[in-house]
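# Structural features, examined
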Amino acid sequence: MTVRTRFAPSPTGYLHIGGARTALYCWLYARRHGGQFVLRIEDTDRERSTQAAIDAILQAMDWLGLDYDEGPIYQTQRLDRYREVAEQLVASGHAYYAYETKEELEAMREAAMAAGEKPRYNGAYRDTNAGWRDDPNRVIRFKNPLHGTVAWDDAVKGRIEIANGELDDLVIFRSDGYPTYNFAVVVDDIDMAITHVVRGDDHVNNTPRQINIYRALGAAVPVFAHLPMILDEHGAKLSKRTGAADVMQYRDAGYLPHALLNYLVRLGWSHGDQEIFSIAQMQALFDLADVNAKASRLDAAKLGWMNQQYLKTDDPEAVARHLVWHLQQAGYDLARGPQPAELVLALRERAQTLKEMAEKSAVWFQPLADYDAAAVAKHLVPAAQAPLADARARLAALAEWTPEAIADALKATAEGQGIGMGKIAQPMRVAITGTQVSPDIGWTVYLCGREQALARIDAALAKIPAAT
């Protein structure tokens, strides 16, 4: 059997963090077993589905690197197929036409509640053999079994059993030519040969209905795996305010896509005590059997820590490809500043996100207009005049402009002037950045470029008051 999974979002909004985790688990399971991963867009909600939402989902999938083997497949392009299968069920006696008005259905529900029963369809047309007629109230209902139970061994939740008596005859096809969710998803999964349905546990109540439709169609029932919820840091249901953010907002905040995937895979799955996983390791190790049935909580601090681990250890050129976007968003002229990969090397010990890295890079892309007054008062003092002037001369004469050569030149100044390294490093830091906080001094000066560094040192020397 070839494993085939699918991710099937409804394009009524952006791809949020819970949907991204579902997509990741589907993708990993297919990759682990050498199978296929299908992307299906369930766009039959005509009032809420939008092209903008479809574009947002596709963009997020691309940014995350969750490549699909088939798709995107759109349900709205399969309406004839749903109609065909619905008619097959009517012909085989597993479905029937019903024509109640909205008022009749409402009266039916009210009567059930008045009798202390669960409000649901009472099967009025179930055995009438009513054929097709041109009627705005026309629907096709599935003839759900009246007795017995529906049971399945959920790959995450274990054995689940639901009595058929708890289910009514659901509508599978509406008079407007559109199928309902529970019907369309079964037809799709059969036609697409989906072997494993991995989705959120908000779908558990849909599963018994869908299993009955599979059986009525004589199709094999796939393995179901229902993933627990992701909660916010306080254990409450996610909202836009507490973490149910568009996946692309994580890009905007400066997270690497593979760091976010690593974080997501650990929201419900584990492999011993290991925290950091490469994509290859995730693909080799992930198994639905290891997914925790309990809800997970978001942890912003852990995501920040994990992102920095990747900033520190990834190939700087690879990180730089993502940093470029943030530098551009900040409005920097990349042609006039240092190489992005060099910024990564200089700042990755000091930044948790690419956005923070880009913000810290401003000093090397923009003219130094503002100086921290306290830093100037503390470090641009008469005693700094000679060391700064000496360092300037050494920097101007360097044969190679590298962080290492610059650091050696500053050490030579400290030794020649008989001062500690801090007595030259700190005035130099203020000269280059206007503050007393920056990365390694060799990198700080190097990233400025020789011409600009010398100009800034000259400006700093001009700020030093004469000795009294």
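So, here's what we can say about the structure. Source: prediction; values computed, not measured.

### A closer look at the packing of helix 17 (residues 403-417) against helix 19 (residues 441-448)
Where helix 17 meets helix 19, the axes come as close as 8 Å, and the angle between the chain directions of the two elements is 120°. The hand of the helix 17/helix 19 crossing is right-handed. Residues Pro-403, Ile-406, Ala-407 and Leu-410 of helix 17 form the contact with helix 19, whose own contacting residues are Ile-441, Gly-442, Trp-443, Val-445 and Tyr-446. Looking at side-chain class alone, the contact of helix 17 with helix 19 contains eight nonpolar, one polar and no charged residues.

### Brief notes about unusual backbone geometry
The step from Gly-71 to Pro-72 runs through a cis peptide bond, and the omega angle for that step is 0°. Examined against the element boundaries, Pro-72 turns out to sit in strand 3 (residues 70-74). At Asn-129, a residue that is not glycine, the phi angle is positive and equals roughly 55°. Counting through the fold element by element, Asn-129 comes out in the loop between helix 4 (102-114) and strand 5 (139-142). Residues other than glycine seldom take positive phi values, yet Ala-193 does so here, at roughly 55°. Counting through the fold element by element, Ala-193 comes out in the loop between helix 5 (181-191) and strand 9 (196-200).

### Some remarks on the packing of aromatic side chains
By convention here, two paired aromatic rings are described through the distance between centres and the angle between planes. With the rule as written, the count across this model stands at nine aromatic pairs. Centre to centre, the rings of Tyr-97 and Tyr-99 are 6.4 Å apart; their planes meet at 20°, and the pair counts as stacked. Taken together, a centroid distance of 5.2 Å and an interplanar angle of 55° make the contact between Trp-269 and Phe-277 tilted. We note that Trp-269, like Phe-277, is buried. Within the aromatic cluster, the residues linked to one another by ring pairs are Tyr-25, Trp-269, Phe-277 and Phe-286. Arg-133 extends its terminal NZ or CZ atom over the ring of Tyr-99, reaching a point 3.7 Å from the ring centre. Sitting over the face of the ring of Tyr-121, Arg-141 holds its NZ or CZ atom 3.6 Å from the ring centroid.

Conventions and cut-offs
Residues numbered from 1 in each chain as written. Predicted model: local features only at pLDDT ≥ 70, side-chain atom pairs only at ≥ 80, totals over all residues. Heavy atoms only, no water. Axes fitted to C-alpha atoms, helices over the stretch in contact; angles between N-to-C directions. Helix = DSSP H or I, 4+ residues; strand = E, 2+ residues; numbered from the N terminus. Left-handed = near helix turned anticlockwise from the far one by under 90°. Contact = heavy atoms within 4.5 Å. Nonpolar A, V, L, I, M, F, W, Y, C, P; charged D, E, K, R; others polar. Phe/Tyr/Trp six-rings, centres within 6.5 Å; stacked < 30°, edge-to-face > 60°. Buried < 20%, exposed > 50% of the residue type's maximum accessible area, 1.4 Å probe, protein only. Lys NZ or Arg CZ within 6 Å of the ring centre and 35° of its normal.

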